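Coordinate analysis (summary)
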Amino acid sequence: MAEREFPGFTLRSGATREGSRYTALLSSHPADGSYPSYFAVYENRSFRDEASAAEAAEKALGLVLGVEDDGAPVFAEGETGFDDVEG
């Protein structure tokens, strides 16, 4: 799990299991201590193992340009990240 600080939020990379596959995600933790929000990344892809999903999420975290007022990560327009790892 990697993390990056943005004004008002800390973003963390992670992976979660959904059935027999894994999903890459970013969690957005408000600086005020309120509940985090979770955002799936590479939504058109699932991963066979947790390590691959976590690696993809860490790459996505590195591509974040900023954070919206609600904590949603902002990526460059058209960024897909599908050149990352094989799932």
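To keep things clear, this report deals only with the structure shown in the data block.

Conventions used here
- Residues numbered from 1 in each chain as written.
- Predicted model: local features only at pLDDT ≥ 70, side-chain atom pairs only at ≥ 80, totals over all residues.
- Heavy atoms only, no water.
- Helix = DSSP H or I, 4+ residues; strand = E, 2+ residues; numbered from the N terminus.
- Buried < 20%, exposed > 50% of the residue type's maximum accessible area, 1.4 Å probe, protein only.
- Contact = heavy atoms within 4.5 Å.
- Areas by Shrake-Rupley, 256 points an atom, 1.4 Å probe, with all protein chains shown as cover.
- Pairing = 2+ DSSP bridges.
- Axes fitted to C-alpha atoms, helices over the stretch in contact; angles between N-to-C directions.

Looking at the overall build of the protein
Across its full length, the protein holds 1 helix and 6 strands. When the helices and strands of the protein are read in sequence order from the N terminus, they spell out β-β-β-β-α-β-β. Among the 87 residues that make up the protein, the fraction classed as buried is 38%. The contacts in the protein between residues at least 6 apart in sequence include a share of 48% that link residues at least 24 apart. Carbon and sulfur atoms form 46% of the exposed surface of the protein, whose accessible area is close to 5,300 Å².

Digging into the sheet that holds strand S1 (residues 3–6)
If you trace the 4 strands from one edge of the open sheet to the other, you get S1-S2-S3-S4, paired in antiparallel fashion. Looking at which strands have only one partner, the edges of the open sheet turn out to be S1 and strand S4 (37–41). Sheet twist, expressed as the mean angle between neighbouring strand axes with direction ignored, is 35°. The sheet contact formed by strand S2 (residues 9–18) and strand S3 (residues 21–30) spans 10 bridges and is antiparallel. Following the sheet pairing, serine 13 is matched in S3 by leucine 26. The sheet strands contacting helix H1 (residues 50–63) are S1, S2, S3 and S4, and the helix crosses S2 at an angle near 155°.

Structural notes on the pairing of S1
Sheet analysis places S1 next to S2, joined by 4 bridges and oriented antiparallel. Following the sheet pairing, glutamate 5 is matched in S2 by threonine 10. Hairpin connection from S1 to S2: 2 residues lie between these consecutive antiparallel strands, with glycine 8 at a positive phi of about 85°.

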